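# Examining the three-dimensional arrangement
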Amino acid sequence: MGAALPGVLPLTNTGAVPVPEPSPGAYPSTSRRARQLLELASTAVPFCAWALGYRDAQSGVMRPLVHTGYRPEMIEFIFGELGDLPLTRRLLARTGTPYFWEDIAGFADGPVAREVLRPSGFTEGTSMSLRGTDGRAVGVAHLSLAEDRVPANARAVLASLTEALGELAETTSRASGVLLTPREREVLALVAKGRTNPQICAELVLSRSTVGTHIEHILAKMGVATRVEAVARAFALDLVDP
């Protein structure tokens, strides 16, 4: 699902990364697409760890979508205590702007860097709030470096990926608000596998009217009109396995 990334990716003369489009007809999941983009960023800038989070539609809390290079306890810190700090809340209220350690007076020598980040091998890094189509914060990206300087192309690279990452965070945020029942998820998974209604009836031992009702509810909850649209959105939102 989704286009494979080439081993070496060219940079524009501004340092920005050309963002590849998904393959025509493919339905790359948000998590796979996000991982591709962050791996892309790391080919241009030596980020040794990164995480993308989204705002849960039910709780309003930022939750991790994909991450690499951070130990579980670090992910728990990033999406817990760090996000609750007044400084973090203030900075992340400004969507679309990456803030590196060097941008924040005293951060490099403060308790978070001294007691948490440096002992984990990180000596620079950035966090940025991602905006949705309505301008509100829908996610957050955290990226860390093992070197104590900000590479010259880092800001341009992040700027070139910010919109795409924001779209993925927004998609995932919306998906967290799609409240399908366990049975509806079962039916949707079979629809995604190309099963017809009679086949779903036989596999789940349900009547045709019951399966039809489940599909009607699925379409309504997902905001689509057809089974094809439901499958495309289900793959994109990680509601079913590809």
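Quantities reported herein were computed from a predicted structural model and do not represent experimental measurements.

Attention shifts here to the nonpolar core. Ranked by internal contacts, the top residues of the largest apolar core, which has 29 residues, are Leu 52 and Leu 165. Mapped by element, the contributors of at least two residues to this core are α1 (30-44), β1 (47-55), β2 (62-68), β4 (124-131), β5 (137-145) and α5 (154-175). Broken down by element, the residue count for this core peaks at eight residues, all from α5. With sequence-adjacent residues up to four places away left out, Leu 52 is seen in contact with Ala 34, Leu 38, Arg 63, Pro 64, Leu 65, Val 66, Phe 79, Leu 130, Val 140, Ala 141 and Leu 165. Counting residues in each nonpolar core, the second largest holds 25 residues, with Leu 180, Leu 188, Ala 230 and Val 240 among its members.

The next point concerns the confidence of the model for the chain. Confidence along the chain averages 85 in pLDDT terms, with 88% of residues attaining 70 or more. Every residue in residues 1-14 is under pLDDT 50, and counting partners more than four places away or in other chains gives 28 contacts. Residue range residues 22-28 is modelled with pLDDT below 50. Its contacts to residues more than four positions away, or to other chains, number twelve contacts.

Right, let's talk about the environment of Leu 145 for a bit. Within the fold, Leu 145 resides in strand β5. Distance from Leu 145 to Pro 46, taken between C-alpha atoms, is 6.6 Å for residues 99 residues apart in sequence. In contact with Leu 145, other than residues within four places in its own chain, are Val 45, Pro 46, Phe 47, Cys 48, Phe 100, Gly 121, Phe 122, Thr 123, Glu 124, Gly 125 and Pro 151.

Contact pair helix α6 (residues 182-192) / helix α8 (residues 208-222): the axes reach a minimum separation of 10 Å and the direction vectors enclose 90°. Here α8 runs roughly perpendicular to α6, going by the angle between their axes. Contacts from Arg 183, Glu 184, Val 187, Leu 188 and Val 191 of α6 reach α8 at His 214, Ile 215, His 217, Ile 218, Lys 221 and Met 222.

Cut-offs used in this document
- Residues numbered from 1 in each chain as written.
- Predicted model: local features only at pLDDT ≥ 70, side-chain atom pairs only at ≥ 80, totals over all residues.
- Heavy atoms only, no water.
- Core = buried A, V, L, I, M, F, W, Y, C linked by side-chain atoms within 4.5 Å.
- Buried < 20%, exposed > 50% of the residue type's maximum accessible area, 1.4 Å probe, protein only.
- Helix = DSSP H or I, 4+ residues; strand = E, 2+ residues; numbered from the N terminus.
- Contact = heavy atoms within 4.5 Å.
- pLDDT = per-residue confidence, 0-100.
- Axes fitted to C-alpha atoms, helices over the stretch in contact; angles between N-to-C directions.
- Parallel < 35°, antiparallel > 145°, perpendicular 65-115°, else oblique.

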